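# Commentary on secondary and tertiary structure
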Amino acid sequence: SGLIGHVRRQDYSVQTPVATIGIRGTDYEVRYCAGDCGDIQPTPNDGLYTGVDSGGIVVTSQSGQIVLSHGQYGLIPAAGGVPVPLPLRPPALGKRPLPDPRTCN
């Protein structure tokens, strides 16, 4: 997707059961929980969790849109749910924080 994301940004998106993510030359992570995220304690609420390492993403659901950039996190709580920013890395994405692209070689 790297070349597509840099040359034809409108041609790359990730569609999930609750939202579509538009990619803008980005390193990002997502995890969709639908009653199956019991490996994280306490078990997170269902929804689509997002985090951005570098670049930016646009997460669009039926009820709204959220734009996230480096070090930002978001949640779409359910199909048709309103995307919300999260102040901290959600446990659903695991414990390893996103690397700082300024220090990665």
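This section reports on the structure supplied with the text. Nothing here was measured: the structure is a model prediction, and the numbers come from that model. (Residues numbered from 1 in each chain as written. Predicted model: local features only at pLDDT ≥ 70, side-chain atom pairs only at ≥ 80, totals over all residues. Heavy atoms only, no water.)

### Quick word on the state of the cysteines
Put simply, the test is: The rule for a disulfide is simple: a pair of cysteine sulfur atoms within 2.5 Å. Three exposure classes are used, based on accessible area relative to the maximum for each residue type with a 1.4 Å probe and protein chains only: buried under 20%, partly exposed in between, and exposed over 50%.
Within the structure shown, the criterion is met by 1 disulfide. The disulfide partner of cysteine 33 is cysteine 37, and the S-S distance across this bridge is 2.1 Å. Here the S-S torsion is close to -95 degrees, and the disulfide linking cysteine 33 with cysteine 37 is therefore left-handed. Here cysteine 33 matches cysteine 37 in class, with each residue buried.

### A short note on unusual backbone geometry
Selection rule: Helix and strand assignments come from DSSP, with helices taken as H or I runs of at least 4 residues and strands as E runs of at least 2, each series counted from the N terminus.
With omega at -5 degrees, the peptide bond leading from glutamine 41 into proline 42 counts as cis. Here proline 42 is to be found in the loop between β3 (27-33) and β4 (47-54).

### What about the environment of leucine 68?
Which entries qualify depends on this criterion: The contact rule is simple, with two residues in contact once any of their heavy atoms fall within 4.5 Å.
The residue leucine 68 is located in strand β6 (residues 64-69) in this model. Taking the C-alpha atoms as reference points, leucine 68 and serine 54, 14 residues apart in sequence, are found 9.8 Å from one another. In this structure leucine 68 touches Thr50, Val52, Gly55, Gly56, Ile57, Tyr73 and Gly74, once residues within four positions along its chain are discounted.

### Considering the side chain of glutamate 29
With respect to the element layout, glutamate 29 can be found in strand β3. Judged by its relative accessible area of 16%, glutamate 29 is buried.

### Describing the nonpolar core
The criterion, for reference: Nine residue types can take part in a nonpolar core, namely buried Ala, Val, Leu, Ile, Met, Phe, Trp, Tyr and Cys, and a core is a set of them joined through side-chain atoms within 4.5 Å.
The biggest cluster of nonpolar side chains holds 8 residues, and these are Val18, Leu48, Val52, Ile57, Val59, Ile66, Leu68 and Ile76. Of all the secondary structure elements, the ones that give two or more residues to this core are β4, β5 (56-61) and β6. Those residues in contact with isoleucine 66 that sit more than four places away from it in its chain are Ile57, Val58, Val59, Pro83, Val84 and Pro85. Residues Cys33, Cys37, Tyr49 and Ala92 belong to the second largest nonpolar core, which totals 7 residues.

### Considerations on the pairing of β6
Our working definition: Strands pair, by our definition, only if DSSP identifies at least two bridges between them.
Judged from the 6 bridges that link them, β5 and β6 form a sheet pairing that is antiparallel. Directly across from valine 59, in β6, lies its bridge partner isoleucine 66. The hairpin turn running from β5 into β6, its antiparallel successor, is 2 residues long.

These values are about where atoms sit, not about what they do.
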